[in-house]
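# Coordinates in review
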Amino acid sequence: MATTKVDICARALVMIGASPISSFSDGSTEALVASNVYEDIVQSSLTRHRWKFATNQKQMSLLAATPEARYEHAYQLPANPGVLQIITVTVNDFVIPYTRYKDMIFVNTYGSGHKVILDYIFRVDEDFFPAHFRLALEYELASVFAGSVARDAGMIREFKQMADRQFLISKNIDSSEITTKQLDVNRYINLRNSTRTDV
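### Some points on helix 1 (residues 5-15)
When we look at burial in helix 1, the residues that qualify are V6, I8, C9, A10, A12 and L13. Buried residues along helix 1 sit in contact with helix 2 (29-46) and helix 3 (131-148). Positive backbone phi, at 85°, marks G17, one or two positions downstream of helix 1.

Set out below in structure tokens:
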């Protein structure tokens, strides 16, 4: 079953003892608060870590117009899905220097003869939120709702601490979702052999 924005907010509201919402426009105070804070909190949470589930890779398009000064080339950042945070800009898997200007990337040297690849965090749909991240997000929302709906300072602190702990757990889980790197022992063997002297 698909998870929606409303589902996530409803669970966070229940955590603080408030009434769950059925939509962002149901006329309740809870819905008014949720509809106004949800997207900012989601985007902020997605930029807390290089989440694998929210990472995308795309070749950028070189723009005909060149920068006014200091840079030779301008590339257009992807619009769909939009960029929340840049991770790397590469050419042939080599990380290159860049600067962001509005919705563009400015670079030197790497123009029309190069394939410039952007790795970035984007606003992934709720269906792709893993359970460990979703729970952290719900705690984060609960800490906000505790202030704006329940007006309980103690509850704000409690849920904020729970959110921070869950984000750490979530980061650890997310960071493990990659091929395990193996230690290359050949270089140590080669070094030992090259420095070994027979007596």
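### So, the nonpolar core
In this structure, L46, F129, L137, L141 and F145 are the most contacted members of the largest nonpolar core, which totals 48 residues. Every element with two or more residues in this core is listed here: helix 1, helix 2, strand 4 (83-91), strand 7 (104-107), strand 8 (116-122), helix 3 and helix 4 (153-175). When residues of this core are assigned to their parent elements, the largest contribution, eight residues, is made by helix 3. In contact with L46, other than residues within four places in its own chain, are W51, F53, A54, L84, I121, F122, R123, V124, F129 and F133.

### Description of the sheet that holds strand 7
Reading across from one edge, 2-3-7-6 is the order of the four strands in this open sheet, with antiparallel pairing throughout. Every interior strand has two partners, whereas the edge strands, strand 2 (61-62) and strand 6 (99-101), have only one.

### A closer look at the packing of aromatic side chains
The full count for this structure, using the stated rule, is 13 aromatic pairs. Ring centres of W51 and F133 lie 5.1 Å apart, and the angle between their planes is 70°; this geometry places the pair in the edge-to-face category. Taken as a pair, W51 in the loop between helix 2 and strand 1 (55-59) and F133 in helix 3 lie far apart in primary sequence, 82 residues in all. Both residues of the pair, W51 and F133, count as buried. Pairwise contacts between aromatic rings join W51, F53, F129, F133 and F167 into one cluster. It is R48 that lies over the ring of F167; its NZ or CZ is 4.0 Å from the centre.

### Examining the environment of S35
Among the structural elements, S35 can be located in helix 2. With relative accessibility at 35%, the residue S35 sits in the partly exposed group. In terms of polar contacts, S35 uses its side chain to reach the backbone carbonyl oxygen of L32, at 3.0 Å.

### A word on the environment of N56
By secondary structure assignment, the location of N56 is in strand 1. Accessibility expressed as a relative area gives 24% for N56, which makes it partly exposed. When the C-alpha atoms of N56 and F122 are compared, they prove to be 6.9 Å apart, with 66 residues separating the residues in sequence. For N56, the contacting residues outside a window of four places in its chain are P81, L118, D119, Y120 and F122.

### Here we look at the packing of helix 1 against helix 3
Taken N-terminus to C-terminus, the directions of helix 1 and helix 3 make an angle of 55°; their axes are 8 Å apart at the nearest point. With respect to each other, helix 1 and helix 3 are oriented oblique. As for how helix 1 packs across helix 3, the hand of that crossing is right-handed. Touching I8, C9, R11, A12, L13 and M15 of helix 1 are R134, L135, L137, E138, Y139, L141, A142 and F145, all from helix 3. Broken down by class, the residue content of the contact of helix 1 with helix 3 amounts to 11 nonpolar, no polar and three charged.

### Side note on the packing of helix 3 against helix 4
Across the interface, helix 3 lies against helix 4 with an axial gap of 8 Å and an inter-helix angle of 165°. Comparing their axes, helix 4 and helix 3 come out roughly antiparallel. For helix 3 against helix 4, the interelement crossing comes out left-handed. On the side of helix 3, the interface is formed by H132, F133, L135, A136, L137, Y139, E140, A142, S143, A146 and G147, while helix 4 contributes M155, I156, F159, K160, M162, A163, Q166, F167, S170, I173 and D174. The class makeup of the residues in the contact of helix 3 with helix 4 is 14 nonpolar, five polar and three charged.

Reading the values: rules and limits
- Residues numbered from 1 in each chain as written.
- Predicted model: local features only at pLDDT ≥ 70, side-chain atom pairs only at ≥ 80, totals over all residues.
- Heavy atoms only, no water.
- Buried < 20%, exposed > 50% of the residue type's maximum accessible area, 1.4 Å probe, protein only.
- Helix = DSSP H or I, 4+ residues; strand = E, 2+ residues; numbered from the N terminus.
- Contact = heavy atoms within 4.5 Å.
- Core = buried A, V, L, I, M, F, W, Y, C linked by side-chain atoms within 4.5 Å.
- Pairing = 2+ DSSP bridges.
- Phe/Tyr/Trp six-rings, centres within 6.5 Å; stacked < 30°, edge-to-face > 60°.
- Lys NZ or Arg CZ within 6 Å of the ring centre and 35° of its normal.
- Polar contact = N/O pair within 3.5 Å; in protein donor to acceptor, adjacent residues only side chain to side chain.
- Axes fitted to C-alpha atoms, helices over the stretch in contact; angles between N-to-C directions.
- Parallel < 35°, antiparallel > 145°, perpendicular 65-115°, else oblique.
- Left-handed = near helix turned anticlockwise from the far one by under 90°.
- Nonpolar A, V, L, I, M, F, W, Y, C, P; charged D, E, K, R; others polar.

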